Amino acid sequence: MLAALCLQTTEEESERRRRELDQLLLQVGQGDREAFARLYSLTRGAVYALALSLLQDTHEAQDVAQDTFVRVWERGPSYRSQGSPMAWLLTVARNLAWSRLRHSGRQVEVGEEAWNALPASMPEVSPEDRVVLQEGLASLGAEERRIILLHAVTGLKHREIAALLEQPLSTVLSKYHRGLKKLKSLMKGENEP
Amino acid sequence: MTDRELELKLAAALERTAPDDFEAILSRCGVQNGSVTELKELVQDQKVIDVEAVEVKPKKRLNRWLAAACAALVLAGAGGGGLIYHQSYAVASVVSLDVNPSIELKVNRAEGVISCTALNTEAAAVLFDMNGGADLKGTKLDVAVNAIVGALVREGYLDSISSAILISVEDNDQERAQRLQAELVASVDGVLQAQAPGTSVLSQVLDADAPALEYMTFDSGLSTGKSALVQKVMEMNGTLALNSTDAFDKLAALSVEELNDLLKAGEKRIPIGKAAAATAAEEYAGTLAMNSVTTDVDPELDENPPHYEVELKTVWGEFEYIVDAFTGEVLRGQKDLLNQSPAGQDSPVNPAPPPAAENNVWQDPGNSDTISGTVIDQETAKKAALDNAGLSESDVTDWKVEREWDDGRLEYEIEFWCGTTEYDCTVDGHTGAILKCGIDHHGNSGSGHHSDSHHSGAGTSTNTATSADIGQEAAKAAALAHAGVTESQAVKLKVERDWDDGRLEYEVKFEVGRMEYEYTIDGATGAILEYEWDD
């Protein structure tokens, strides 16, 4: 019963968030800077997480996140209410990230390059954040990391993530479960004395 | 730590390290573009299939209808050529074909194809050999539809015994729509009779001028036809009245076969879907980490209990799992395959068979016909089923035969009808023995439905259907009463009907706290034949 209640609450929260983002995007389309600031504060983590997971470079991810919000502002009047405002926003970010990868001559699909999630401009990171973001995610494959980050940070459903990354849903689900298992086992090891 | 807690921790850590440079962004933000642009312009690099999906369809369609009508009017006014333009390029009907791939065809009044669009990634793969659908432009509608259906069969989308294809015709001329619908159904039925006889052909006519569907989502990849089918399910299960976009999303992700099963069974719950069922089976089998394992999932949502049949194809054979359609619990199947396989690796060069499989079976599950003497062919299996039923081929109709691999052994699942009686048999693909045979009488008397089934040990069974059957509820009550528990106390309660040496039995299993109970109840008398309590 408790689990069902929690699930319901999560779904209600997710629907409330969807409506809020939708409303904010419409207001941004009318030139409302306060709405733009609120939209940024609610979604900057998600946009940055997607960019970081695709580019694997904190500087480039920061640039793409900035470009994404500038693009959203400029094209705001063209936004129309539809299913998932978060998926819309992340599609803009994804295309900018892919475009950057192509222009820089790197492979669109970044392979198993070194994972570095901690910005150099942020030397003071708590040990716990370091463990989960850096060491934990570094133990995963690039795809597993991307899917787990997107699920954890953006609130997108697996189906939406599959569409965003142009992957079959079954691949997304299996990589998600496999990655989460690895991450949990690593975190468990870290917590043990 | 639960999955959710771990995700929250990860999200919080990323939120803390994500740069906050709103001021820098604001300094780059100039004047907004005032003109209204389509989302597809904003979403650059998006493939065509996605662009089609992100547009708000009903509005788009209305605009295109208006545009087509206006173009026709202008050109008609300009001279005789206008009429030709109208007939060639104006969209008269929109035909969609949905299985899981969804494909949309726009046709003119002369039933020529103006465009063929893949609405999702799976559809793009189906149309790959037809230049993404462009090769079908200019062909007659029935030719295009037959080509697509042929490709769907080749790609394996219609190979299950219970596959379903939905044909929807959208037109503001309902008479023309109904004529097209009838023609297409007859044509597709003809193709499928020869290539995929188990497939159901569903069809519907939609009014192009009807009010817009409410639930068109960003990445749904849905045709209007499938949206309408989803809405029918939502009407049935009550989520339409709740305006639940979540229910729409979940249902839209299902195949036409699954949606059709839900409607047939009047099932109001929403199943987990094929992908989640495959993952559940793979987790149970311990093969999630193996890239070489492929899955084939067949939904059986109109059976009791509703379930998915998942076939895992591994290097050492094929294994079948039955997954509860709503909880994802694996109800039947071999656990931890890797622990059973001496090779224990992803792609062993010379894998040893799991203990349960025979050497001459596991090595070549996909091409067993090449193993001389080890398997029987389809005709022999059909004859075994007929002999078991005491019928001859001329007595029966509507054959459906499917080859299945169950834990490394070949089985034939055979369905046929004799009058109003439906037979459903499982025949051992190696010995021809009848492993299971169910009989459903679809007569007009009583409830109109009565089911018998029996198992046979060594292929010497007879149809010993009996009229003395206490029923599942009585069997369950007998077991619960013996255990001294009430139904509300019991969890994971399962009742299975079974035949053992010609005797009808019920196997009742449930748990209370840490205690597991298992009963075998005489199906004719309600007597307890066996029971076991396990702490």
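My aim in this report is to walk through the structure given alongside it, one point at a time. This structure is a prediction, so every number in the text was calculated from the model and none was measured. (Residues numbered from 1 in each chain as written. Chains lettered and ligands numbered in written order. Predicted model: local features only at pLDDT ≥ 70, side-chain atom pairs only at ≥ 80, totals over all residues.)

## Some thoughts on helix 7 (residues 158–165) of chain A
Residue and element names in this part refer to chain A.
- With 7 of its 8 residues buried, helix 7 lies for the most part within the structure.
- Taken together, the buried positions of helix 7 are occupied by His158, Arg159, Glu160, Ile161, Ala162, Ala163 and Leu164.
- Two residues or fewer past helix 7, Glu166 is found with a positive phi of approximately 55°. (Buried ≥ 20, exposed ≤ 12 C-beta atoms within 10 Å, placed from the backbone. Helix = DSSP H or I, 4+ residues; strand = E, 2+ residues; numbered from the N terminus.)

## Looking at unusual backbone geometry
Residue and element names in this part refer to chain B.
- In this structure, the amide linkage connecting Asn304 to the following residue, Pro305, adopts the cis form with an omega of -5°.
- Structurally, the position occupied by Pro305 is in the loop between strand 6 (294–300) and strand 7 (307–314).
- Even without glycine at this site, Glu111 takes up a positive phi of about 65°.
- Residue Glu111 is classed as partly exposed on the basis of its C-beta count, with 19 C-beta atoms lying within 10 Å.

## A closer look at the pairing of strand 7 of chain B
All names here are of chain B.
- Across the 8 residues that make up strand 7, a large majority, 7, are buried.
- In this sheet, strand 7 lies alongside strand 6 in antiparallel orientation, the contact comprising 7 bridges. If you follow Thr295 over to strand 7, its bridge partner there is Leu312.
- Direction of pairing for strand 7 relative to strand 8 (residues 317–324): antiparallel, over a ladder of 8 bridges. Along strand 8, the bridge assignment pairs Thr314 with Gly317. (Pairing = 2+ DSSP bridges.)

## Considering the packing of helix 5 (residues 127–138) of chain A against helix 1 (residues 3–17) of chain B
- With their axes 9 Å apart at the nearest point, helix 5 of chain A and helix 1 of chain B run at an angle of 105° to one another. Here helix 5 of chain A is positioned roughly perpendicular relative to helix 1 of chain B, judged by the angle of their axes. Listed contacts from helix 1 of chain B to A:Asp129, A:Val132 and A:Leu133 of helix 5 of chain A are B:Lys9, B:Leu10, B:Ala13, B:Leu14, B:Arg16 and B:Thr17.
- For the contact of helix 5 of chain A with helix 1 of chain B, a count of residues per class yields 5 nonpolar, 1 polar and 3 charged. (Axes fitted to C-alpha atoms, helices over the stretch in contact; angles between N-to-C directions. Parallel < 35°, antiparallel > 145°, perpendicular 65-115°, else oblique. Contact = placed C-beta atoms within 7 Å. Nonpolar A, V, L, I, M, F, W, Y, C, P; charged D, E, K, R; others polar.)

## Things to note about the environment of A:Arg94
Residues and elements named next belong to chain A.
- Mapping Arg94 onto the fold places it in helix 4 (residues 85–103).
- Arg94 sits 29 residues away from Ala65 along the chain, and the two C-alpha atoms are 9.8 Å apart.
- Setting aside its immediate chain neighbours within four residues, Arg94 contacts Leu50, Leu54 and Leu164.

None of this, on its own, says anything about what the molecule does.
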